[in-house]
Amino acid sequence: MDISLILILVAVLFVTFTAILRRYKRCPSDKVMVIYGKTGKNKSGSISSARCIHGGASFIWPVFQDYAFLDLKPISIECNLTNALSKQNIRVDVPCRFTVGISTEADSMTNAAERLLGLTIENIQNIATDILFGQLRLVIATMDIEEINADRDKFLAAVSQNVEAELRKIGLKLINVNVTDIRDDSGYIEALGKEAAAKAINDAKKSVAEQNRFGEIGKAEADRDKDIRIAETQRDTRIKTAAANAMAVQGENTSKIDIANSDAMRREKEAEAARIAVAAEKVQAAKALQEAYQSERDAELARAEREKATQQANIVVPAQIDKERQIIEAEAEAEKLRRTAKGEADAIYAKMEAQARGTLEILTKQADGFAQLVGAAEGDAQKAVLMMISDRLPELVKTQVEAVKGIKIDKVTVWDGNNGKDGKTSTANFISGLMGSVPPLQDLFKMAGMSLPEYMKGKEVAPEGQEPAKKEGK
């Protein structure tokens, strides 16, 4: 039993030790190990989102913690920036290649763990490319073409400073910047190169001219020294020869010495004159070349300015004028439409308001008149209506007459056989039927609740010996 307990205890200890060894993770030198989960607090006292380790190892608590790796291998990003606007408003192409990688600084590693953990190399390249393009354009916008092209160290330092600060925010570090070439569509950089080449050629020609002048001077001085030495040698020989001779020829030797000195002085003056002449010719030739190259440079600059002004006058100015004209016309048309619409709306409003006022006035007067009419009829509305109809009776009769007034009968042919009914002939029946088509007054009065007076109804003529019967007219 004791042996079994010991074996079980040994097994438990072995399993525990194995689990501990498996949770103890080592970080390679080319990676950053990010421990996330419950990692405690950072230096500022707030809860840390992750703990980063570069080199070394750490124990990963099961359940509470987990880990992942960030690769420190350099990432090469090609940024072929085109049409970047410089400080002189000249667009240039600046192809660059950047080399970046995950930073091993404490703060930067934390930023990388928070923003880049789990991303692929392509995703990291895309994020870094956007930052590099933006900062590269920003640096180019603050520098002249001459600074970008000539002072590469200053340009690279400015790019590194701006890019480094932005990359640090996502945990990256700038390793290297390589600018291959700088080009522009306007030919400004090419013109600068031609100017530098012309200046170098002029300097070289000037140096050659100076060296030629120095050579001519040295040659003249060497010839002079040689002549002096020859003269001195001849003089010494002659002096020694003359010393061996008699004192009688002393004057002759002295005379020859004077002649030799005079010849030497003459040759020295001639050499000096030749040197001055040659130097003057070289200086004038160099000045002529310098002025020629300066004139060519001024002509090229003037031509470039003229071409620029011509293009601006032919393209930019007409475009701006056309744009302003279209804007003015559009604004004028819009104002015209607004004024027209406002005028039409005001006219419609005034017309409708006038009609409403007229209708209101008519209805008001009619109501007042009807109220007075009802008052005259002692408050009986039916009598008031009868009074209104009686007042309109002439108009009703006129309307009845107007119904047949417009009928034009050019010719009436009557065949009367005296065989009419009730003593009426065909002619009488035609006239009676024609008048029967007119609306009868009796019916109109009945519809209004009135009775036609007796004197307007008419009476039929009774046959002989009979009383005339009363009949309502139609």
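Residues numbered from 1 in each chain as written. Predicted model: local features only at pLDDT ≥ 70, side-chain atom pairs only at ≥ 80, totals over all residues. Heavy atoms only, no water.

A. The overall build of the protein, seen in detail. A count of helical and extended segments in the protein gives 12 helices and 9 strands. Taken across its 474 residues, the protein has 19% of its residues classed as buried. Taking the contacts inside the protein whose residues are at least 6 apart along the sequence as the reference set, 66% of them involve residues at least 24 apart. Per element, the accessible surface of the protein, about 34,000 Å² overall, is 57% carbon and sulfur. (Helix = DSSP H or I, 4+ residues; strand = E, 2+ residues; numbered from the N terminus. Buried < 20%, exposed > 50% of the residue type's maximum accessible area, 1.4 Å probe, protein only. Contact = heavy atoms within 4.5 Å. Areas by Shrake-Rupley, 256 points an atom, 1.4 Å probe, with all protein chains shown as cover.)

B. Looking closely at the sheet that holds strand S3 (residues 50–53). Pairing is antiparallel in the open sheet, where 3 strands are placed in the order S3-S2-S5. At either margin of the open sheet sits one strand with a lone partner, and together these are S3 and strand S5 (65–71). Geometrically, the sheet is characterised by an average inter-axis angle of 25° between neighbouring strands, direction not taken into account. In the packing of helix H2 (residues 106–115) onto the sheet, contacts are made with strand S2 (31–37), S3 and S5, and the angle to S3 comes to roughly 120°. (Pairing = 2+ DSSP bridges. Axes fitted to C-alpha atoms, helices over the stretch in contact; angles between N-to-C directions.)

C. Region of interest: the packing of helix H3 (residues 121–141) against helix H5 (residues 152–168). Relative orientation of the contacting elements H3 and H5 amounts to 140°, with a least axis distance of 9 Å. Looking at the two axes, H3 sits oblique to H5. For H3 against H5, the interelement crossing comes out right-handed. Along the contact surface, H3 presents Ala128, Ile131, Leu132, Gln135, Leu136, Leu138, Val139 and Ile140, while H5 presents Phe155, Ala158, Val159, Asn162, Val163, Glu166 and Leu167. Broken down by class, the residue content of the contact of H3 with H5 amounts to 12 nonpolar, 2 polar and 1 charged. (Parallel < 35°, antiparallel > 145°, perpendicular 65-115°, else oblique. Left-handed = near helix turned anticlockwise from the far one by under 90°. Nonpolar A, V, L, I, M, F, W, Y, C, P; charged D, E, K, R; others polar.)

D. Local environment of the environment of Arg152. Examined against the element boundaries, Arg152 turns out to sit in helix H5. Using a relative accessible area of 26% as the deciding quantity, one classes Arg152 as partly exposed. Each C-alpha atom of the pair Arg152 and Val179 lies 8.6 Å from the other, and the pair is 27 residues apart in sequence. Once residues lying within four places of it in the same chain are set aside, the contact partners of Arg152 are Glu147, Val179 and Ile182.

E. Broad picture of the packing of aromatic side chains. Inspection of the entire model under this criterion finds 2 aromatic pairs. Between Phe59 and Trp61, the aromatic rings sit 4.9 Å apart at their centres with planes inclined by 90°, giving edge-to-face as the arrangement. With a centroid separation of 5.7 Å and an interplanar angle of 80°, the aromatic rings of Tyr67 and Phe69 are classed as edge-to-face. Residue classification places Phe69 among the partly exposed residues on the basis of a relative accessible area of 34%. (Phe/Tyr/Trp six-rings, centres within 6.5 Å; stacked < 30°, edge-to-face > 60°.)

F. Structural context of the state of the cysteines. Scanning the model with the defined rule gives 0 disulfides in all. Counting only cysteine sulfurs, Cys52 is the nearest neighbor of Cys27, a cysteine outside any disulfide, at a range of 9.7 Å. Here Cys79 stays free of any disulfide, with the sulfur of Cys96 as its closest cysteine sulfur at 7.1 Å. (Disulfide = S-S within 2.5 Å.)

G. Representation of the side chain of Thr99. Along the chain, Thr99 falls in strand S7 (residues 91–102). Residues in contact with Thr99, not counting those within four places in the same chain, are Pro74, Ile75, Lys173, Leu174, Ile175 and Asn176.

H. View of the nonpolar core. In terms of nonpolar packing, the biggest core is built from 42 residues, with Val94, Phe98, Leu136, Ile140, Phe155, Leu167 and Leu172 touching the most fellow members. The biggest single contributor to this core is H3, with 7 residues. In this view, Leu136 contacts Leu81, Val94, Cys96, Phe98, Phe155 and Val159; residues no more than four positions away in its chain are not counted. Of all hydrophobic cores here, the second largest spans 5 residues; its members include Met33, Ile35, Ile53 and Ile60. (Core = buried A, V, L, I, M, F, W, Y, C linked by side-chain atoms within 4.5 Å.)

I. Highlighting the pattern of salt bridges. Taken as a whole and assessed by the stated rule, the structure comprises 15 salt bridges. For Glu300, the salt bridge identified is with Arg303, shortest N-O distance 3.2 Å. Here Glu300 pairs with Arg303, and both are found in helix H7 (residues 250–376), just 3 residues apart, close to one helical turn. Given a relative accessible area of 45%, Glu300 falls into the partly exposed group. A salt bridge links Arg325 to Asp322; the shortest N-O distance between them is 2.5 Å. Of this pair, Arg325 and Asp322 are both found in helix H7, 3 residues apart, which corresponds to roughly one turn of the helix. (Salt bridge = Lys/Arg side-chain N within 4 Å of Asp/Glu carboxyl O.)

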